[in-house]
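If you want the building blocks of each chain, they are given just below.
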Amino acid sequence: MSVVEHSASELLELLARGDASSVEITQAYLDRIATDDKQIGAFLHVDPDAALKQAADVDRRRKAGKQIGKLAGLPVAVKDVLCDSDTLTTCASQMLKSFRAPYNSTVVAKLKAADAVLIGRTNMDEFAMGGSTENSSFQLTRNPWDRDRVPGGSSGGAAACVAAGMAPLSVGTDTGGSIRQPAGLCGVVGMKPTYGRVSRFGLVAFASSLDQVGPLSRSTKDAALLLETLAGHDPQDATSLDTEVPRYTASIDQPLEGLRLGIVREHFAEGLDKEVEAAVREAIKVYESLGATVKEISLPHSKYAVATYYVIAPSEASSNLARYDGVHYGHRTDRAALLEELAAERKQLEAAGDQAALDALDSSLVRMYRKSRSEGFGSEVKRRIMLGAYALSAGYYDAYYLKALKVRRLIRQDFDAAFEEVDLIAGPVTAQPAFKIGEMADDPLAMYLVDLYTVSANLAGLPGISIPCGFSKSGLPIGLQLQARPLAEETLFRGARMFEQATDWHQRRPGADSRAKKH
Amino acid sequence: MAITRADVEKVSLLARLQLSETEIETLTVELGKIVAYVDQLSEVDTDGVAPMAHAVEVSNVFASDEVKTSLPREQALANAPSHNPRGYLVPPVLGG
């Protein structure tokens, strides 16, 4: 068995026993990246020499009997949205194409302290806005199961690299489903913790009240291992929760006795693909065979979740992305061309004697902001900034943003009531398996509706996980989503692990056929 | 409420974006559709419901009042597209 077929937990055992070195393991992943990533496009940046140097350093310290970290010698891929002062942090945007962060995000600092080998930076939708990774301004990422299809997004590279055996663990971010949805579409495990579980310090902000960092992996045990490394209070993030982090890996193998599993009536409405529905219903039967009681519940406000999300997330984004002004960092438009353009406009307006337009003409500073931002941002980012600026603008704030915040509370209250009766909620991650590249390119609203089953967890702040639960007839992975009450990650992992131990969906790999398929 | 071309032009200035003719046209249609979709929120009865700004409501998180070192000027300026040793450089603000 090749090294790259192992789970992270197995690799740590090999390392501990001395059966493999970190250099060997890292090299095996780098080899896989070298042969396969030209087709998949999961990574934006890989520095083999730096990775091998980190690996050699861990091997040396292990050999010398020195103290080593929890993930010592294990390769981990990081989404290109978490600041790392040793490399670029681009957010897959032209705006930040040469941005080098002056400090590490807490998550990257924790990975380094755990002696992980940071193997590469993964592709994503620009500024994490999107559900297919097609919004990356640098490259496409292809689904390892079918290279004509998207890997999901925005953490598409993070999911694809794990599915394709190019990294055993990867770190993603989830604002409306951006970990769980690509994990579902790529047939891997992806988990979004409770809001505030993992520090957002040094995470380039998209929607600050929704963003959360989480793990992607091949097994729930690996996800638990990575989360317990990353989670915890951070004084540098005022929203991070000051609560103890359980050792998830210590309890994960204990099945949940008397598990009460909730099935949401509204999840099985119109629009759900038949094959996805069948796989999810089959998964629920597996739980019943394991002794779980299944109870149908209702989340009456869940039908408003996407609308609520697409007011709140763009509003916060328009505010967060105001920082890209072409002054402090990021792209700036060419000065000479800018001044020339303004002079020409002024001349034209003067000739026409249009005093009103002359008075309204941008100053050179305002035009510099506008041109820099328009050149640096891609179309989806602009669309969301516009939507957010509109929703927050005078006269509309109450009707949109404030209204959405109130509906958000109702959505959360539905969950609170449901969790009085059940321990976990099970359902689909997406309504369809992975769609074709380009299929949704001309319909932003249809793309937003892909988030139907995932956005609620972000609005309510709940932890959620996507685990493999089947395949379509055409061989595309299908994910099962489990959700738990806030801070109940332990229950979530134990519940997910029960299913994983009873099935072998998570052991399937994209076949040699699809690996050999050329594009 | 329908979104007009004038709305898009006004918001593009607020958002400090410069949009091309094509972008203005496309965004007028697209934003119109999205806003029509989110308008369904108006049918929800939210009387007496307090807005929820954060998923886990923690309030009044204060940092201790200690003097700490901040990012050195050189590092803060390192990513700037245009700067001198003291600060950021911008196009003329007055009389421009």
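What counts, and where the lines are drawn
Residues numbered from 1 in each chain as written. Chains lettered and ligands numbered in written order. Predicted model: local features only at pLDDT ≥ 70, side-chain atom pairs only at ≥ 80, totals over all residues. Axes fitted to C-alpha atoms, helices over the stretch in contact; angles between N-to-C directions. Helix = DSSP H or I, 4+ residues; strand = E, 2+ residues; numbered from the N terminus. Parallel < 35°, antiparallel > 145°, perpendicular 65-115°, else oblique. Left-handed = near helix turned anticlockwise from the far one by under 90°. Contact = placed C-beta atoms within 7 Å. Domains from an automatic or database assignment. Nonpolar A, V, L, I, M, F, W, Y, C, P; charged D, E, K, R; others polar. Pairing = 2+ DSSP bridges. Buried ≥ 20, exposed ≤ 12 C-beta atoms within 10 Å, placed from the backbone.

1. Let's talk about the packing of helix α11 (residues 335–352) of chain A against helix α13 (residues 364–376) of chain A
Residue and element names in this part refer to chain A.
So, point 1. α13 packs onto α11 with a crossing angle of 120 degrees between their chain directions and a minimal axis gap of 10 Å. By the angle between their directions, the pair α11 and α13 is classed as oblique. Crossing angle aside, the handedness with which α11 passes α13 is right-handed. Within the contact between the two elements, α11 uses Leu338, Leu339 and Leu342 and α13 uses Ser364, Arg367, Met368 and Lys371.

2. So, the domain arrangement of chain A
Often the size quoted for an interface is simply the accessible area lost on bringing the parts together.
All names here are of chain A.
So, point 1. Assigned domains within chain A: domain 1 (3–248 + 259–265 + 420–506) and domain 2 (325–376).
So, point 2. Its C-alpha centre places domain 1 at a distance of 41 Å from the equivalent point of domain 2.
So, point 3. With five residues of domain 1 in contact, the opposing surface of domain 2 contributes four residues.
So, point 4. Within the side of domain 1 that touches domain 2, the residues separate by chemical class into three nonpolar, two polar and no charged.

3. Side note on the sheet that holds strand β10 (residues 464–471) of chain A
Residues and elements named next belong to chain A.
So, point 1. Taken together, 11 strands build an open sheet; the order of strands is β1-β3-β2-β4-β6-β5-β10-β11-β9-β7-β8 and the sheet is mixed. The open sheet has two free edges, formed respectively by β1 (43–45) and β8 (293–297), since each of these has just one partner strand. Each neighbouring strand pair of the sheet contributes to a mean axis angle of 35 degrees, computed without reference to strand direction.
So, point 2. Here six bridges tie strand β4 (residues 169–174) to strand β6 (residues 212–217), and the two strands are oriented antiparallel to one another. Counterpart to Ser170 in the pairing with β6 is Leu216.

4. Some words on the interface of chain B and chain A
So, point 1. In this complex, chain B contributes 44 residues to the contact, which on the side of chain A involves 57 residues.
So, point 2. For the side of chain B that touches chain A, the secondary-structure elements that each account for two or more residues are α1 (5–14) and α2 (21–38) of chain B.
So, point 3. For the side of chain B that touches chain A, the element with the highest residue contribution is α2(B), accounting for seven residues.
So, point 4. For the side of chain B that touches chain A, the residue count by class is 31 nonpolar, nine polar and four charged.

5. Things to note about the environment of Leu14(A)
So, point 1. Among the secondary structure elements, Leu14(A) is positioned in helix α1 (residues 8–17).
So, point 2. For the pair Leu14(A) and Ile25(A), spaced 11 residues apart in sequence, the C-alpha separation works out to 9.7 Å.

6. A word on unusual backbone geometry
Residue and element names in this part refer to chain A.
So, point 1. Geometrically, the link from Gly153 to Ser154 is a cis peptide bond, its omega value of 10 degrees lying close to zero.
So, point 2. As for its placement among the helices and strands, Ser154 is situated in the loop between β3 (117–122) and α5 (156–163).
So, point 3. Here Phe127, not a glycine, exhibits a phi torsion of approximately 50 degrees, which is positive.
So, point 4. Tracing the sequence through the fold places Phe127 in the loop between β3 and α5.
So, point 5. Within the chain, Ala128 stands out as a residue other than glycine whose phi angle is a positive 65 degrees.
So, point 6. Inspection of the secondary structure assignment puts Ala128 in the loop between β3 and α5.
So, point 7. Judged by the 30 C-beta atoms lying within 10 Å of it, Ala128 is buried.

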